[in-house]
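# Summary of structural features
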Amino acid sequence: MALVYQTAVARDPANTARVTGGVEVRPIAGALGAEIHGVDLGRELDADTIVQVRQALLEHLVIFFRDQEMTPEQHKALGRHFGELMTHEFVEGIEGHPEIMLIAKEKGDRYNFGGTWHSDMTYSEKPPLGSILYAKEVPTYGGDTQFANMYLAYDTLSDQLRTTLDGLRAVHSASRIYGNAGKLATLDYQAGHRGTRVSPSDLAEKTAEHPVVRTHPETGRKALFVNGIFTLRFQGMTEDESCPLLEHLYRHAVTPEFTCRFRWEKGSIAFWDNRAVQHYAINDYPGQRRVMHRVTIAGDRPR
Ligand SMILES: O=C(O)CCC(=O)C(=O)O
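Residues numbered from 1 in each chain as written. Predicted model: local features only at pLDDT ≥ 70, side-chain atom pairs only at ≥ 80, totals over all residues. Heavy atoms only, no water.

### Some words on the site of the ligand
Surrounding the ligand, one finds Ile-103, Phe-113, Gly-114, His-118, Asp-120, Leu-133, Thr-145, Trp-272, His-279, Ala-281, Arg-290 and Arg-294. Asp-120 places a side-chain nitrogen or oxygen 2.8 Å from an oxygen atom of the ligand. One of the side-chain nitrogen or oxygen atoms of Arg-294 is found 2.9 Å away from an oxygen atom of the ligand. Taking 300 Å² as the accessible area of the ligand by itself, protein coverage stands at 100%. Counting only elements with at least two residues in the shell around the ligand, the list comes to strand S17 (277-281) and strand S18 (290-297). (Near = heavy atom within 4 Å. Polar contact = N/O pair within 3.5 Å; in protein donor to acceptor, adjacent residues only side chain to side chain. Areas by Shrake-Rupley, 256 points an atom, 1.4 Å probe, with all protein chains shown as cover. Helix = DSSP H or I, 4+ residues; strand = E, 2+ residues; numbered from the N terminus.)

Printed below as a string of structure tokens:
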């Protein structure tokens, strides 16, 4: 039986393309994701266009642009239209622009960056509002990115489980990934991933506590807010006690009907709302190079 899930965002029920003032929004999947056409992000954007882009982001959760050319300055200026920029604590920026993360996989690399479902930097007290990822070099095939709608993940749980989760908080940390004994500090990883320059650090041991279900500060909608790489456990419970339910939530959150998948081209851009999506960078292009630049927009404390 085909399952039809009602998106929690106010999307066009017919899910068809819409044109307003020269900006065309074309949904790419039932759950989330839309391509935006008619906007040149390398130019100074007028206030009306910024409002439309923001509206499209809130409605579709991840928006995509094609055939864009941006300098690092223009990339940062684009991000600043939506908030202050964050500098990643553990991943190096491109030369002269610490706010632009270099996410690269070299031909000889085995691992990629972001190859597990996650929301960005939820170990921070104030995780990002969103990220804007710009494709500089893409493989001839593969290297797509998947996104999943965390409003749907929450809305499709049973009433009882939603009520239980509404009252819970979770502890998040970067330690498993960026800690001195974390995944990215292992020699195997270092040898298999030279593209993205990561510095493991004691800083990764600090933790942040967030509600398991957050209310989006702009849409007022509830979204599931736990992820498999940064969430350690429910607050007040051990990791062992938390694990079965967390594992269930991670699996449920990425049900195929809650996702979309984006095929990159050079010059493509993805802008995701980190408060309402998880994403996954697919590592299926061995022997090829993929280079992306990312700016990260500061967010607020989840409530
Ligand atoms: O390279 C990608 O497609 C996504 C990278 C990623 O996971 C991230 O920027 O958080």
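### Observations regarding the environment of Tyr-178
Along the chain, Tyr-178 falls in helix H5 (residues 175-178). Residues Tyr-178 and Ala-31 lie 147 residues apart in sequence; the distance between their C-alpha atoms is 31 Å. Excluding residues within four positions of it along the chain, Tyr-178 makes contact with His-88, Phe-90, Val-91, Phe-113, Tyr-123, Leu-184, Val-198, Pro-200, Ser-201, Ala-204 and Phe-230. (Contact = heavy atoms within 4.5 Å.)

### Some details on helix H7 (residues 239-253)
The terminal C-alpha atoms of H7, which comprises 15 residues, lie 19 Å apart, in line with the 21 Å expected from a rise of 1.5 Å per residue. When the local axis directions of H7 are compared, the greatest deviation, roughly 30°, occurs at Leu-245. The set of residues buried in H7 consists of Ser-242, Leu-246, Leu-249, Tyr-250, His-252 and Ala-253. (Expected span 1.5 Å × (residues − 1). Bend = angle between axes of the 7 residues up to and from the residue. Buried < 20%, exposed > 50% of the residue type's maximum accessible area, 1.4 Å probe, protein only.)

### Concerning the sheet that holds strand S9 (residues 145-149)
Across the sheet, 3 strands lie side by side as S15-S9-S17; this open sheet has antiparallel pairing. On the outer flanks of this sheet lie strand S15 (259-262) and S17, each paired with one strand and no other. Direction aside, the axes of adjacent strands within the sheet are offset by 20° on average. In this sheet, S15 lies alongside S9 in antiparallel orientation, the contact comprising 4 bridges. From the neighbouring strand, Ala-148 faces S15, where its bridge partner is Thr-259. (Pairing = 2+ DSSP bridges. Axes fitted to C-alpha atoms, helices over the stretch in contact; angles between N-to-C directions.)

### Quick look at the confidence of the model for the chain
Mean pLDDT over the chain works out to 92, with 94% of the residues at or above the 70 mark. Confidence drops under a pLDDT of 50 for residues 1-9, and excluding neighbours within four residues, the segment shows 18 contacts in the predicted structure. (pLDDT = per-residue confidence, 0-100.)

### Notes on helix H1 (residues 47-60)
For H1, built from 14 residues, the straight-helix expectation of 20 Å at 1.5 Å per residue is met to within 8% by its first-to-last C-alpha distance of 20 Å. Buried within H1 we find Thr-49, Ile-50, Gln-52, Val-53, Ala-56, Leu-57, Leu-58, Glu-59 and His-60. Of the residues that open H1, the one with a side-chain oxygen 3.1 Å from the backbone nitrogen of Asp-48 is Asp-46.

### Quick notes on unusual backbone geometry
Of note in the backbone geometry, Leu-61 takes a positive phi value of approximately 75° without being a glycine. Tracing the chain through its elements places Leu-61 in the loop between H1 and strand S4 (62-65). We classify Leu-61 as buried; its relative accessible area is 0%. The phi dihedral of Asp-67 falls on the positive side, at around 55°, and the residue is not glycine.

### Some points on the environment of Thr-122
Note that Thr-122 resides in the loop between strand S7 (97-105) and strand S8 (130-137). The sequence separation of Thr-122 and Val-277 amounts to 155 residues, and the corresponding C-alpha distance is 12 Å. For Thr-122, the residues in contact, after removing those within four places along its chain, are Pro-127, His-172, Ala-208, His-210, Phe-225, Asn-227 and Phe-230. A polar contact is formed between the side chain of Thr-122 and the side chain of His-172, at a distance of 2.9 Å. Within the structure, the side chain of Thr-122 is placed 3.0 Å from the side chain of Asn-227, a separation counted as a polar contact.

### Structural notes on the side chain of Arg-214
Along the chain, Arg-214 turns up in strand S12 (residues 213-215). Here the side chain of Arg-214 touches Asp-300 through a polar contact of 3.4 Å, side chain to side chain. Look past the residues within four positions of Arg-214 in its chain and what remains in contact with it is Arg-221, Lys-222, Ala-223, Phe-225, Arg-275, Asp-300, Pro-302 and Arg-303.

### A few points about the packing of aromatic side chains
Note on aromatic pairs: each is described by the distance of the centres and the angle between the planes. Enumeration over the complete set of coordinates arrives at 10 aromatic pairs. Taking 4.0 Å as the distance between ring centres and 5° as the angle between the ring planes, the aromatic pair formed by Phe-64 and Phe-262 counts as stacked. Taken together, the residues span a long stretch of sequence, with Phe-64 in strand S4 and Phe-262 in strand S15 at a distance of 198 residues. Here Phe-64 and Phe-262 have matching classes, each one buried. An angle of 55° between the planes, with centres 5.8 Å apart, marks the rings of Phe-90 and Tyr-123 as tilted. You can see Phe-90 sitting in the loop between strand S5 (85-86) and strand S6 (93-94) and its partner Tyr-123 sitting in the loop between S7 and S8, a full 33 residues away along the chain. The same class applies to Phe-90 and to Tyr-123, which are both buried. (Phe/Tyr/Trp six-rings, centres within 6.5 Å; stacked < 30°, edge-to-face > 60°.)

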